[in-house]
Amino acid sequence: MDFNHFKVDGKKKISLADFRTDRDDTFKNKSAEVAFLEKNTAKLDELQARFAADGKAGLLVIVQGMDASGKDGSINAVFSGMNQYGVHVYSYKSPTARELAHDYLWRLHRNVPMRGDITVFNRSYYEDVLIVKVHKLYKQLNILDRAKSPQAIDDRYRQIVDYERYLWENAIVVVKFMLHISKDQQARRFLRRVYDPTKNWKFAISDIIEREFWDDYQNAYEKAVNATSTKIAPWYIVPADDKSFARAVMSQVVVDALEDLDPQFPKMKESAKDELELGRRYLIGEKDAIAEVKELVRKIW
């Protein structure tokens, strides 16, 4: 299924207002949508097994979005069916004093996946051209004046493009999602957090304060997407008013990214095949194989 109409690859400038936040008519009904996600969950499990065994590339998935856009739930729905040994999720909150003393990429780069692994960033270095831009937080840094002028944000767009090319040139594929939610839908989800006692813990008055900057954030997202969309690290602006639709779209984009890499199980060397055969014979109780294994044990220990 093709979701390329949600893809932004830098070929032309986009307006965020042109992208829908509600579901389209891709699926006939909810049950078809759920079945599609379930099918992709099984497919991702199989692809990840080959991806981990192949070990030639890493996959970095970045998930951004306004508060209540469904980041946590989407990550859980898309990636929870995989072998968790090879999938790592990092959620980034406000940086610590130690992190602020480093360059803004430092706290994230150390968590970039090794080859064979999939890493998901729930928020990312893009916060440094989003909330940092909206609230001009760069002015508060204990840093040289030349690094905290308004030009610093434009510099960061360039740095991020260069950084994502660096990752790509080192076999790390970057997939970026913006969960695009409407202001009305955000309000409805906030109200659920207020009225549902099991969700009260998710609500903070800071969510409402940030909502007052809605237009500023939309402008910041639009500028960031336009400035950092490239062929090798495109953005996907995913309609997020309907959670299950967003998850279906995200699952297919990740499937496509892994299938494009075409990971394969490594071919066994002849020596490994010999060991496999010895193991088989030992396990079915062949006496000569048992004797051979005992001799190996004696030599090693």
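The paragraphs below set out a description of the structure included in this document.

Reading the values: the criteria
- Once a new chain begins, its residue numbering starts again from 1 and follows that chain's sequence as written.
- The model is predicted, so local features are restricted to residues of pLDDT at least 70 and side-chain atom pairs to those at 80 or more, both for listing and for counting; the totals for chains, interfaces and linings are taken over all residues.
- Hydrogen atoms and water are omitted, and side-chain values are computed over all heavy atoms in the structure.
- Between the N-to-C directions of two axes lies an angle of 0 to 180 degrees, each axis being a line fitted to C-alpha atoms and, for a helix, fitted only over the stretch in contact.
- For the purposes of this entry, the term helix denotes a DSSP run of H or I that reaches at least four residues, the term strand denotes a run of E that reaches at least two, and both are numbered from the N terminus.
- Each crossing gets its handedness from the near helix: less than a right angle anticlockwise from the far helix is left-handed, clockwise is right-handed.
- Two residues qualify as a contact provided that any one of their heavy atoms is within 4.5 Å of a heavy atom in the partner residue.
- Under this grouping Gly is polar, as are all residues other than the nonpolar Ala, Val, Leu, Ile, Met, Phe, Trp, Tyr, Cys and Pro and the charged Asp, Glu, Lys and Arg.
- The cut-offs for exposure are 20% and 50% of the maximum accessible area for each residue type, with area from a 1.4 Å probe on protein chains only; residues under the lower value are buried, those over the upper are exposed, and the others partly exposed.
- Strand pairing is defined by DSSP finding a minimum of two bridges between the two strands.
- Nonpolar cores are built from buried Ala, Val, Leu, Ile, Met, Phe, Trp, Tyr and Cys residues. Side-chain atoms within 4.5 Å join them into one set.

1. Structural notes on the packing of helix α11 (residues 270-283) against helix α12 (residues 287-300)
Thinking step 1. In contact at an axis separation of 8 Å, α11 and α12 are set at 115° when each is read in the N-to-C sense. As α11 runs across α12, the sense of the crossing is left-handed. Between α11 and α12, the residues in contact are Leu278, Arg281 and Tyr282 and Asp288, Ala289, Ile290, Glu292, Val293 and Leu296, respectively.
Thinking step 2. When the residues that make up the contact of α11 with α12 are grouped by side-chain class, the tally is 6 nonpolar, no polar and 3 charged.

2. Observations regarding the pairing of strand β5 (residues 172-180)
Thinking step 1. Judged by how many residues are buried, β5 sits mostly within the fold: 9 of 9 residues are covered.
Thinking step 2. What you see with β5 is no split at all: Ile172, Val174, Lys176, Met178 and His180 on one side and Val173, Val175, Phe177 and Leu179 on the other are buried throughout.
Thinking step 3. Examined bridge by bridge, strand β2 (residues 58-65) and β5 share 8 bridges and lie parallel to one another. Looking across to β5, one finds that Val61 is bridged to Val175.
Thinking step 4. In this structure, β5 lies alongside strand β6 (residues 235-239), joined through 5 bridges in parallel fashion. Pairing of His180 across the sheet is with Pro239, part of β6.

3. Some thoughts on the side chain of Thr228
Thinking step 1. Topologically, Thr228 is positioned in helix α9 (residues 214-228).
Thinking step 2. Classification of Thr228 as buried rests on a relative accessible area of 0%.
Thinking step 3. If we ignore the near neighbours within four places in the chain, the residues touching Thr228 are Tyr126, Tyr157, Ile160, Val161, Glu164, Lys176, Ala233 and Trp235.

4. Topic: the nonpolar core
Thinking step 1. In this structure, Leu59, Phe79, Tyr125 and Phe177 are the most contacted members of the largest nonpolar core, which totals 73 residues.
Thinking step 2. In terms of residue count, the dominant contributor to this core is helix α10 (residues 243-261) (10 residues).
Thinking step 3. Excluding anything up to four places from it in sequence, Phe177 contacts Val61, Ile62, Val63, Gln64, Trp235, Tyr236, Val238, Met250, Val253 and Val254.

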